[in-house]
Amino acid sequence: MKDFIITSLQPWDSTFGGNAKDIAYELSRKHRVLYVNRFSGKKEKKSRFRSIRKNLWVLDYQFSPLPVNFLPDNFLFDTLNRYNNYHIFKAVRWCACQLQFHDIIHFCDNDIYRSFYAREFLQARLHIYYRRDNLHPISYWQRHISRLEPALIRKSDLVMCNSAELAEYARPYLSPERIYDIGQGVDLSAYRADTVHPVPEECHNLPRPIIGYTGALVSTRLDIELLYALASGLPQYTFLFVGKRDNVFENHLLCTLPNVVFTGLKPMKMMPAYIQSMDVCLNPQLINKVTIGNYPRKVDEYLAMGKPVVATRTRTMNIFRDYVYLCTGVDEYKDAINRALRGNPDLEKERIAFAHTHSWENCIEKIYQAIEKYENTKSIR
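So, here's what we can say about the structure. Note that the coordinates shown come from a computational prediction; the quantities given were computed from them, not determined experimentally. (Residues numbered from 1 in each chain as written. Predicted model: local features only at pLDDT ≥ 70, side-chain atom pairs only at ≥ 80, totals over all residues. Heavy atoms only, no water.)

1. Digging into the overall build of the protein chain
Reasoning step 1: Summing up its helical and strand segments, the protein chain has 12 helices and 14 strands in all.
Reasoning step 2: Against the 2.2 N^0.38 benchmark of 21 Å for 381 residues, the protein chain shows a C-alpha radius of gyration of 22 Å, consistent with a compact globule.
Reasoning step 3: Seen through its C-alpha atoms, the protein chain measures out along the principal axes to roughly 60 × 40 × 40 Å.
Reasoning step 4: A separation threshold of at least 6 residues defines the contact pool for the protein chain, and within that pool the share at least 24 residues apart is 68%.
Reasoning step 5: When the accessible surface of the protein chain is totalled, it reaches about 17700 Å², and 52% of it is carbon and sulfur.
Reasoning step 6: Here the protein chain contributes 51 positive and 41 negative side-chain charges, whose respective centroids are spaced 6 Å apart. (Helix = DSSP H or I, 4+ residues; strand = E, 2+ residues; numbered from the N terminus. Rg over C-alpha atoms; globule rule 2.2 N^0.38 Å. Contact = heavy atoms within 4.5 Å. Areas by Shrake-Rupley, 256 points an atom, 1.4 Å probe, with all protein chains shown as cover. Lys, Arg positive; Asp, Glu negative; His and termini not counted. Charge placed at Lys NZ, Arg CZ, Asp CG, Glu CD.)

If you want it as structure tokens, here you go:
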């Protein structure tokens, strides 16, 4: 049994799911896991840890990190960021001692600032950097990331990525045999095509066919102009969007079309029911530096429900090419939607089976294999 310590950008108590939490749950089936929560801003007398389930704990540390992101990318930033790291990992070491962690593997989920000095302060026997998002185009990160992320990759023993695109970035900074595209794990336990869900209230009287999308409606990630062209060009179809809208979506002409329905934010547990109510599911990704390496978990959720999927063609989406209609531009999307509506019972079974190959169990097994290979190679040396 190994001891994993996970540091992540994702707070443990967030209401939505995420890779780091799913990885923590899966790892804890065979190993002990400590998940380092982000500082909540609520001061307690001392740091504490809580048990989530067997072999899984969350650390709520009470050190309030100094704000450093606004500083120039120079010695002062490094000094204060190192100070933050020292105090955070002081709490982590205390907790690891209480839990009697010894055989520590540090798993850093895109946590570039807070974990930059983990190798110096944590004293783990193995450091893994998990690159699951390209943070470079995001304004918050731009001041320091072009220097810090390559340096963090060089410090790491292994780099894991959830797409080939994200893995490509790491290759100049670490030996290729230590960089892995482990794919994406998805929890599909709630997404079963053989389960009949109650029809959501908003769907009762909607004209069919229903072309749908589930997830946050964010203009930096979704091609809103494509969606407008599709909905206005296919007025005989209902377009259903399940998720919270950003300001661009709320004020776009898409909202004025009579065949477009927005449900607003809905609980995750209701997503299977909405997907079951759709005839075709969409992943209208906007291609830019933020999204180019994205692995869309929702595509596996759609496929697990047996639904035909029409999506934007990207390098990452190419792994779905035998099960998803991949498109570039409005005309290809329109043609693919019409073809998808014809149905194919045999392909429906294949979609379901393929989606279930992307389990967290399979994803974590690749991590185990990479660790074993690295340690075997290291022992030979």
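2. Let's talk about empty space enclosed by the protein
If a probe the size of a water molecule is rolled over the atoms, the empty space left behind becomes visible.
Reasoning step 1: Tallied over the entire structure, the rule returns one cavity of 30 Å³ or more.
Reasoning step 2: Of the pockets and cavities examined, the largest cavity occupies roughly 80 Å³.
Reasoning step 3: For the lining of the largest cavity, the leading source of residues is strand S6 (residues 126-131), giving three residues. (1 Å grid on protein atoms, 1.4 Å probe; cavity = no way out; pocket = protein on both sides within 12 Å on 5 of 7 lines; lining within 4 Å. Points joined across faces, edges and corners; volume = space filled by probe spheres on them.)

3. Some details on the sheet that holds strand S12 (residues 280-283)
Reasoning step 1: Pairing is parallel across the open sheet formed by six strands, whose spatial order is S11-S10-S9-S12-S13-S14. On the outer flanks of this sheet lie strand S11 (260-264) and strand S14 (325-327), each paired with one strand and no other. Geometrically, the sheet is characterised by an average inter-axis angle of 25 degrees between neighbouring strands, direction not taken into account.
Reasoning step 2: Note: strand S10 (residues 238-242) against S11, four bridges, orientation parallel. Along S11, the bridge assignment pairs Phe-241 with Phe-262. (Pairing = 2+ DSSP bridges. Axes fitted to C-alpha atoms, helices over the stretch in contact; angles between N-to-C directions.)

4. Thoughts on the pairing of strand S9 (residues 210-214)
Reasoning step 1: With five of its five residues buried, S9 lies for the most part within the structure.
Reasoning step 2: Residues of S9 alternate between two faces, with Ile-210, Gly-212 and Thr-214 on one and Ile-211 and Tyr-213 on the opposite face, all of them buried.
Reasoning step 3: Two elements, S9 and S10, share five bridges in a ladder whose sense is parallel. Following the sheet pairing, Thr-214 is matched in S10 by Val-242.
Reasoning step 4: In this fold, S9 hands off to helix H6 (residues 224-233), which returns the chain to S10; that crossover is right-handed.
Reasoning step 5: Judged from the two bridges that link them, S9 and S12 form a sheet pairing that is parallel. Pairing of Ile-211 across the sheet is with Val-280, part of S12. (Buried < 20%, exposed > 50% of the residue type's maximum accessible area, 1.4 Å probe, protein only. Right-handed = clockwise from strand over helix to strand, strands pointing away.)

5. Details of H6
Reasoning step 1: Those residues of H6 that fall on the buried side of the exposure criterion are Ile-224, Leu-226, Leu-227, Leu-230 and Ala-231. For H6, the angular spread of buried residues about the axis comes to 155 degrees, placing them on one side.
Reasoning step 2: Contacts made by the buried residues of H6 are with S10, helix H7 (247-250), S11, S12, strand S13 (309-312) and helix H10 (330-340). (Arc of directions from axis to C-beta.)

6. Topic: the layout of surface pockets
Reasoning step 1: Roughly 290 Å³ of internal volume is contained in the second largest pocket.
Reasoning step 2: Within the lining of the second largest pocket, the residues separate by chemical class into 11 nonpolar, four polar and three charged. (Nonpolar A, V, L, I, M, F, W, Y, C, P; charged D, E, K, R; others polar.)

7. Observations regarding the packing of aromatic side chains
Reasoning step 1: Counting across every chain of the model gives 19 aromatic pairs.
Reasoning step 2: Geometrically, the ring pair formed by Phe-107 and Tyr-130 is tilted, given 5.2 Å between the ring centres and 40 degrees between the ring planes. Taken together, the residues span a long stretch of sequence, with Phe-107 in strand S5 (residues 104-109) and Tyr-130 in strand S6 at a distance of 23 residues.
Reasoning step 3: The interplanar angle of 85 degrees and the centroid separation of 5.0 Å between the aromatic rings of Phe-116 and Tyr-117 together place this pair among those described as edge-to-face.
Reasoning step 4: Classification of Phe-116 as buried rests on a relative accessible area of 9%.
Reasoning step 5: Among the residues examined, Tyr-117 registers a relative accessible area of 8% and is labelled buried.
Reasoning step 6: The cationic tip of Lys-21 hangs over the ring face of Trp-12; the distance from NZ or CZ to the ring centre is 5.1 Å.
Reasoning step 7: In this structure, Lys-155 packs its charged tip against the face of Phe-116, placed 4.0 Å from the ring centre. (Phe/Tyr/Trp six-rings, centres within 6.5 Å; stacked < 30°, edge-to-face > 60°. Lys NZ or Arg CZ within 6 Å of the ring centre and 35° of its normal.)

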